[in-house]
Amino acid sequence: MSVTRTQVVIIGSGPSGLLLGQILDRAGIDNIVLERKSKDYVLARVRAGVLEQGTVDLLTAVGVGERLAQDGLVHHGISLCFDSSLHRIDMTALTGKAVTVYGQTEVTRDLMEAREAYGAKTVYEADQVTPHDFAGDRPRVTYVKDGVAHEIACDFIAGCDGYHGVSRDSVPAGALTTYERIYPFGWLGILAEVPPADHELIYANSPRGFALCSMRSTHRSRYYVQCPIDDRVEDWPDQRFWDELRLRLDPVSAARVTTGPSFEKSIAPLRSFVAEPLRFGRLFLVGDAAHIVPPTGAKGLNLAVSDVRYLSEALIEHYGEQSDAGLDAYSGRALGRIWKAVRFSWWMTTMLHRFPQATSFDQRIQEADLAYLVSSKAAMTSLSENYVGLPH
Ligand code: FAS
Ligand code: PHB
């Protein structure tokens, strides 16, 4: 077995792992990223699309904001569609902030390129990645690459390996408390090389279910419709998708939908999930390894970014000032922001989706929720300040 040493082992090369690696590289803290999949596989995943102002600011500050500034689409508002009417919420007028539409795939690409330019080590297709001895002060991580066993001795392990990763599962039973809500539907999403229906996002609540009109650029659209959780992609040929999307929109927006062949189509389940605490000795849980939100509030990726900010600041303090105050505070600090985003994502999901078991009372409450929201500056301000991102 080959044995090497580094200061921080980062498990996972999604946005959490790559952004943490980028910040540590710039701070001169040695780190190695271990990724189960290939680089192409990671880049092929289509996920988030909306970046909070705080995310844009951090990516820019750590040197990966050039393409983002050039290609990102700054949005000052969103629209809600219900009762066949469109209601725009001017988030910038209400909060002074905006969001930027820039696909997670591009964020990942920018971070990978920066890491390669720096010459930092990433091991792709690393099998059997396993954290060890993180309860003590000499943690290590083992893995197998091309049939050869490796061990990395380190000071800290960052579990950036997502909901299905190994890090959270490595925590001793009983040391972790989890909170979960599984939603009785999924999101069927497509990508198509067609211009978006609107210059901003449209979140629709119709009697047929939820729909979302989003985009990746002015010529590439990202659309979603709520679907039964047991649906399969094969059940949704393109024409059925386009017909259903239009039926869930107001007539003006429906008429503005440009259809075309999809080149990506997938169904994602929706859940709210939080693990507490986020620290176990020298192992830290980050991003989707620690929490999952339904994508309705566009929070998943953005929460991963604030986790990374908190942990990277703590690690820099540890090495630079020989202080562990930040490390000791990481879990509580991150969970404070996590739970606010979990609440907002749950609220947006509850307000905008049709629940199979909803009673007629539930339906009237949902309608009243929407009617109040678009009639109240205070309510729209509350939605806006959560959507553009609460302070880090
Ligand atoms: P990720 O899951 O992105 O990355 C974890 C990485 O760890 C992966 O590359 C994985 O291969 C690797 N890994 C896992 N186990 C490992 C092991 N044992 N060893 C080594 N590596 C391992 N968020 C939004 O805001 N909007 C959206 O529309 C949206 N859509 C989504 C759709 C889907 C299907 C999913 C799953 C998530 C979606 N999200 C969305 C949330 C998503 O954007 C996440 O919040 C974001 O990817 C979090 O990044 P990471 O924490 O890096 O986790
Ligand atoms: C996306 O563009 O993928 C997207 C945008 C906003 C959301 C969810 C997904 O709330």
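Residues numbered from 1 in each chain as written. Chains lettered and ligands numbered in written order. Predicted model: local features only at pLDDT ≥ 70, side-chain atom pairs only at ≥ 80, totals over all residues. Heavy atoms only, no water.

## Describing the layout of surface pockets
Keep this limit in mind: Site definitions follow a grid-based scheme: protein atoms alone, a 1 Å grid, a 1.4 Å probe that fits but cannot get out for cavities, and for pockets an open set with protein on both sides within 12 Å along at least five of seven lines, plus lining residues having an atom within 4 Å of a point. Grid points are joined across faces, edges and corners, and a volume is the space filled by probe spheres set on the points. Strands are runs of DSSP state E lasting at least 2 residues, helices are runs of H or I lasting at least 4, and numbering of each runs from the N terminus. Residue type decides the class: Asp, Glu, Lys and Arg count as charged, Ala, Val, Leu, Ile, Met, Phe, Trp, Tyr, Cys and Pro as nonpolar, and the leftover types, Gly among them, as polar.
By volume, the second largest pocket amounts to about 350 Å³. Taken together, 21 residues make up the lining of the second largest pocket; nearest its centre are Gly103, Thr105, Glu106, Arg216 and Arg220. Of all the secondary structure elements, the ones that give two or more residues to the lining of the second largest pocket are helix 2 (39–44), helix 4 (66–71) and helix 6 (104–118). In terms of residue count, helix 6 provides more of the lining of the second largest pocket than any other element does, four residues in total. Among the residues making up the lining of the second largest pocket, the classes are represented as eight nonpolar, six polar and seven charged.

## Quick notes on the UniProt feature "domain: FAD-binding" (unreviewed entry) in the chain
Convention followed: UniProt positions are given in the numbering used here, feature names are shortened, and annotations may be inferred rather than shown by experiment.
With numbering matched to this structure, UniProt assigns "domain: FAD-binding" (unreviewed entry) to residues 5–345. What you have in residues 5–345 is 33% helix and 33% strand, and the ends, taken at the C-alpha atoms, are 40 Å apart.

## Focus: the packing of aromatic side chains
Filter applied, for reference: Only Phe, Tyr and Trp rings are paired, with Trp represented by its six-membered ring, and only when their centres lie within 6.5 Å; those with planes under 30 degrees apart are stacked, over 60 edge-to-face, the remainder tilted. Think of it in three bands: residues with accessible area under 20% of the maximum for their type are buried, residues over 50% are exposed, and the middle band is partly exposed, with areas taken using a 1.4 Å probe on protein chains only.
Counting across every chain of the model gives 14 aromatic pairs. A centroid spacing of 5.1 Å and a plane angle of 80° characterise the contact between Phe185 and Phe355, whose relative ring orientation is edge-to-face. Residue Phe185 is located in strand 14 (residues 177–192), and its partner Phe355 is located in the loop between helix 10 (325–352) and helix 11 (360–373); the two are separated by 170 residues in the primary sequence. You can call Phe185 buried: its relative accessible area is 1%. Consider the rings of Trp187 and Tyr224, whose centres lie 4.7 Å apart with planes at 50°: the pair is tilted. Of the two residues, Trp187 sits in strand 14 while Tyr224 sits in strand 17 (residues 221–227), which places them 37 residues apart along the sequence. When its relative accessible area of 3% is taken as the criterion, Trp187 is described as buried. Each member of the aromatic cluster is reached from another via a ring pair, and the members are Trp187, Tyr203, Phe210, Tyr224 and Tyr387.

## Details of the site of ligand 2
What counts here: One heavy atom suffices: a residue is near a molecule or strand as soon as one of its heavy atoms comes within 4 Å of it. The definition of a polar contact used here is a pair of N or O atoms within 3.5 Å, where within protein one atom must be able to donate a hydrogen and the other to accept one, and adjacent residues in sequence count solely through side-chain atom pairs. Using the Shrake-Rupley algorithm and a 1.4 Å probe, accessible areas are obtained, with residue cover drawn only from the displayed protein chains.
Around ligand 2, the surrounding shell holds 14 residues, and the nearest of these are Tyr203, Ser214, Arg216, Tyr224 and Pro295. Taking Tyr203, its side chain carries an N or O atom lying 2.7 Å from an oxygen atom of ligand 2. In this structure, Arg216 approaches ligand 2 through a side-chain N or O atom, which is 2.7 Å from an oxygen atom. Within the complex, 98% of the 270 Å² of free accessible area of ligand 2 lies under protein.

## Quick look at the site of ligand 1
What surrounds ligand 1 is a group of 29 residues, the closest being Ser16, Glu35, Arg45, Arg47 and Gln104. Taking Pro15, its main chain carries an N or O atom lying 3.2 Å from an oxygen atom of ligand 1. One of the side-chain N or O atoms of Glu35 is found 2.7 Å from an oxygen atom in ligand 1. For ligand 1, whose free accessible area comes to 990 Å², the fraction covered by protein is 86%. Elements represented by at least two residues in the shell around ligand 1 include exactly helix 1 (15–26) and helix 9 (300–321).

## Describing unusual backbone geometry
In this structure, the amide linkage connecting Glu276 to the following residue, Pro277, adopts the cis form with an omega of -10°. Position of Pro277 among the secondary structure elements: in the loop between strand 18 (262–276) and strand 19 (279–280). At Glu125, a residue that is not glycine, the phi angle is positive and equals roughly 55°. By secondary structure assignment, the location of Glu125 is in the loop between strand 9 (121–123) and strand 10 (127–132). Of the residues examined, Glu125 reaches a relative accessible area of 45% and is grouped as partly exposed. Although it is not a glycine, Asp146 sits at a positive phi angle of roughly 50°. With respect to the element layout, Asp146 can be found in the loop between strand 11 (140–145) and strand 12 (148–153). In this structure Asp146 comes out as exposed when scored by relative accessible area, which is 66%.

## A few points about empty space enclosed by the protein
Considering all chains together, one arrives at two cavities of 30 Å³ or more under this definition. Quantified by volume, the largest cavity comes out at close to 60 Å³. Lining the largest cavity, in full, are Glu52, Lys299, Leu303, Arg337, Lys340, Ala341, Asn386 and Leu390. Top contributing element to the lining of the largest cavity by residue count: helix 10, with three residues. Class assignment of the residues belonging to the lining of the largest cavity gives a composition of three nonpolar, one polar and four charged. Lining the second largest cavity are Gly14, Pro15, Val42, Arg45, Gln104 and Thr108.

## Comments concerning helix 1
Stated formally: To estimate how far a helix should reach, multiply one less than its number of residues by 1.5 Å. Here, two residues are considered to be in contact whenever any of their heavy atoms come within 4.5 Å of each other.
With 12 residues, helix 1 extends 16 Å between its outermost C-alpha atoms, agreeing within 8% with the 16 Å of an ideal straight helix rising 1.5 Å per residue. In terms of residue burial, helix 1 counts as a mostly covered element, since 11 of its 12 residues are buried. Within helix 1, burial applies to Pro15, Ser16, Gly17, Leu18, Leu19, Leu20, Gly21, Gln22, Ile23, Leu24 and Asp25. Where helix 1 is buried, its residues contact strand 2 (8–11), strand 3 (31–34), helix 3 (53–61), helix 6, strand 13 (156–159) and helix 9. Immediately beyond the C-terminal end of helix 1, within one or two residues, lies Gly28, with a positive phi of roughly 75°.

## Description of the packing of helix 1 against helix 6
Working note: a packed helix pair is described by the angle between its axes plus the distance between those axes. Our working definition: To get an axis, a line is fitted to the C-alpha atoms, and for a helix only the part in contact is used. The angle between two axes follows their N-to-C directions and goes from 0 to 180 degrees. Crossing handedness is read from the near helix: turned anticlockwise from the far helix by less than a right angle, it gives a left-handed crossing, and turned clockwise, a right-handed one.
Two elements in contact, helix 1 and helix 6, have axes whose closest approach is 9 Å; the angle formed by their N-to-C orientations is 35°. In the crossing of helix 1 with helix 6, the sense of the turn from one axis to the other is left-handed. Contacts between helix 1 and helix 6 involve Pro15, Leu18, Leu19, Gly21, Gln22 and Asp25 from the first element and Gln104, Thr108, Leu111, Met112, Ala114, Arg115 and Tyr118 from the second. Looking at side-chain class alone, the contact of helix 1 with helix 6 contains seven nonpolar, four polar and two charged residues.

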